[in-house]
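Take a look at the letters that make up each chain.
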Amino acid sequence: MKTGSCLCGEVRYELHGDLDPPIACHCSQCRKTSGHYWAAFEIGRDRMRITRDGGLRWYRSSDKARRGFCRICGASVFWDPDGKDWIAVAAGTVDGDTGLGLSEHIFVANKGDYYELADGAVQKD
């Protein structure tokens, strides 16, 4: 089991089972919500449990998904797609090391011009 939280700890969660390597998204919404690009683990809803939701708020960011963030510290924690059996959890909110590297970069055509992708992970437009 892995645990994680927002910056202030008012949003906490548990992840059960092995984690797949995170995906980095470079779309404009992810860049705006995170300040850079968004790296997240996709995990089955049945393997994720929110253990504290004191600061949790949801923002409908598109007609396909909503984003979970902490209303107190502002940390972006979840990306919740409609109709899927999984949820994305921000990799940077996991407590401790994961032992995993990025599996792929998506929406790279929208990435910022101030950084390069040189880690060798698969890149998709």
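These numbers were taken from a predicted model, which means no experiment stands behind them. (Residues numbered from 1 in each chain as written. Predicted model: local features only at pLDDT ≥ 70, side-chain atom pairs only at ≥ 80, totals over all residues. Heavy atoms only, no water.)

> Where do I start with the sheet that holds strand 5 (residues 48-53) in this structure?
Sheet strands line up and pair through hydrogen bonds in the backbone, either parallel or antiparallel. Pairing is antiparallel in the open sheet, where 3 strands are placed in the order 1-2-5. The open sheet terminates on both sides in strands that have one partner only, identified here as strand 1 (2-5) and strand 5. Strand-to-strand, the axes of this sheet are offset by a mean angle of 20°, without reference to chain direction. Note that strand 2 (residues 11-15) and strand 5 share 5 bridges and pair antiparallel. Its bridge partner lying in strand 5, Arg 12 is registered against Arg 52. (Pairing = 2+ DSSP bridges. Helix = DSSP H or I, 4+ residues; strand = E, 2+ residues; numbered from the N terminus. Axes fitted to C-alpha atoms, helices over the stretch in contact; angles between N-to-C directions.)

> Whenever I open this one, the pairing of strand 6 (residues 56-60) confuses me. Can you help?
The side chains of a regular strand alternate, first on one face of the sheet and then on the other. With 5 bridges joining them, strand 6 and strand 7 (residues 65-70) adopt antiparallel strand pairing. In the sheet register, Leu 56 faces strand 7, and the bridge partner there is Cys 70.

> When you look at the packing of aromatic side chains in this model, what are you seeing that I'm missing?
Taken as a whole, this structure holds 5 aromatic pairs when the rule is applied. On the basis of an interplanar angle of 40° and a centroid distance of 5.7 Å, the ring pair of Tyr 37 and Tyr 115 is categorised as tilted. A residue pair is termed long-range when its members are at least 10 positions apart, and Tyr 37 in the loop between helix 1 (28-34) and strand 4 (38-44) and Tyr 115 in the loop between strand 10 (104-106) and strand 11 (122-123) qualify at 78 residues. Tyr 37 gets classed as partly exposed once you look at its relative accessible area, which sits at 24%. Pairing Trp 58 with Phe 78 gives two aromatic rings, centres 5.9 Å apart and planes at 20°, and the pair type is stacked. Separated by 20 residues along the polypeptide, Trp 58 in strand 6 and Phe 78 in strand 8 (residues 76-81) bring together distant segments of the chain. In this structure Trp 58 comes out as partly exposed when scored by relative accessible area, which is 30%. An aromatic cluster of three or more residues is present, and its members are Tyr 13, Trp 58 and Phe 78. For Arg 66, the ring lying beneath its charged end belongs to Trp 58, and the centroid distance is 3.7 Å. The cationic tip of Lys 111 hangs over the ring face of Tyr 115; the distance from NZ or CZ to the ring centre is 4.5 Å. (Phe/Tyr/Trp six-rings, centres within 6.5 Å; stacked < 30°, edge-to-face > 60°. Buried < 20%, exposed > 50% of the residue type's maximum accessible area, 1.4 Å probe, protein only. Lys NZ or Arg CZ within 6 Å of the ring centre and 35° of its normal.)

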